[in-house]
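# Coordinates in review
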Amino acid sequence: MSTTVGDLLRIKGTKVETITAAETVLEAIRRMSEKHIGCLAVVTKAGKLTGIVSERDCLWKVIAPGGSPKTHLVKDAMTPLAQMKTVVPAQTVEECMGLITSRRHRHLPVLEDGKLAGLVSIGDVVKFMLDAQEATIQSLEKYITGTF
Ligand SMILES: NC(=O)c1ccc[n+]([C@@H]2O[C@H](COP(=O)([O-])OP(=O)(O)OC[C@H]3O[C@@H](n4cnc5c(N)ncnc54)[C@H](O)[C@@H]3O)[C@@H](O)[C@H]2O)c1
């Protein structure tokens with residue numbers, strides 16, 4: 001049976017770091033830096049997901065054109081929900097890898113009944129796949145050497 005996003009979140013945790021669209025890009029950068037993460041979910045005051053803002057969004061849409069992160073707001077840099085992909089807990093990790101590679105998204109918010117329920121990154125998916133490969137190799141080695 002394929003491993004799902006829900007399985008991955010049970011290991012990784014469901015907490016999502018967020019920001020609102022009205023906060024400054026500088027605040028977004030500070031929050032990402034403090035938490036050692038590359039993106040924040042953009043939410044309304046009521047916690048509804050409206051998009052994400054990544055370190056790349058901040059660099060490409062604000063810094064590269066000569067803007068100031070002190071005055072530009074998250075709404076100027078964020079990728080709105082309509083332009084991105086989200087996943088649900090029942091989807092497989094392989095499906096996430098497909099979206100990450102084909103759509104060039106590095107972060108996928110997880111929605112459950114329309115509510116933000118986690119966030120999966122390219123690193124989470126790669127780590128999961130490497131761990132699964134390692135487990136397969138170890139069980140094959142045990143099978144071949146008769147130590148099963
Ligand atoms: N050892 C691990 O378990 C692990 C997991 C993921 C990434 N990494 C490594 O970290 C580096 C960067 O990772 P990345 O490119 O996947 O992106 P990233 O730096 O944005 O993500 C790092 C971790 O933070 C989490 N994260 C990111 N934004 C979040 C948010 N807003 N709320 C909650 N969690 C959030 C991700 O899900 C991931 O687990 C890479 O070198 C990668 O290999 C390691």
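Shown above is the structure to which this text applies.
These numbers come from a predicted model, not from an experiment.

The rules behind the values
Residues numbered from 1 in each chain as written. Predicted model: local features only at pLDDT ≥ 70, side-chain atom pairs only at ≥ 80, totals over all residues. Heavy atoms only, no water. Near = heavy atom within 4 Å. Polar contact = N/O pair within 3.5 Å; in protein donor to acceptor, adjacent residues only side chain to side chain. Helix = DSSP H or I, 4+ residues; strand = E, 2+ residues; numbered from the N terminus. Nonpolar A, V, L, I, M, F, W, Y, C, P; charged D, E, K, R; others polar. Core = buried A, V, L, I, M, F, W, Y, C linked by side-chain atoms within 4.5 Å. Buried < 20%, exposed > 50% of the residue type's maximum accessible area, 1.4 Å probe, protein only. Contact = heavy atoms within 4.5 Å. Pairing = 2+ DSSP bridges. Axes fitted to C-alpha atoms, helices over the stretch in contact; angles between N-to-C directions.

## Thoughts on the site of the ligand
The full set close to the ligand counts 15 residues, and Gly38, His107, Ser121, Gly123 and Asp124 are the nearest of them. Between an oxygen atom of the ligand and a side-chain N or O atom of Lys12, the distance comes to 3.0 Å. Within the backbone of Gly38, one N or O atom sits 2.8 Å away from an oxygen atom of the ligand. At 4 residues, the largest contribution of residues to the shell around the ligand is made by helix 6 (residues 122–145). Tallied by class, residues from the shell around the ligand come to 6 nonpolar, 4 polar and 5 charged.

## Re the nonpolar core
Side chains that are nonpolar tend, in soluble globular proteins, to be buried together. Membership of the largest hydrophobic core comes to 14 residues, with the highest contact counts inside it found for Val5, Val87, Cys96, Leu108, Val110, Val120 and Val125. For this core, the secondary-structure elements that each account for two or more residues are helix 1 (5–12), helix 5 (93–102), strand 5 (107–112) and helix 6. Top element by residues in this core is helix 5. It accounts for 5 residues. Discounting residues that sit within four places of it in the chain, Cys96 has contacts with Val5, Val87, Leu108 and Val125.

## Description of the sheet that holds strand 3 (residues 49–54)
Spatially, 4 strands are ordered 1-2-3-4 in an open sheet, and the strand pairing comes out mixed. Whereas interior strands pair on both sides, the edge strands pair on one side only; in this sheet they are strand 1 (18–19) and strand 4 (79–80). As defined by bridge partners, strand 1 adjoins strand 2 (residues 39–43) across 2 bridges and the pair is classed as parallel. Paired with Thr18 across the two strands is Ala41, which belongs to strand 2. Contacting strand 3 and strand 4, helix 3 (residues 55–63) crosses the sheet at an angle of about 75 degrees to strand 3.

Function cannot be inferred from these measures alone, as they are strictly geometric.
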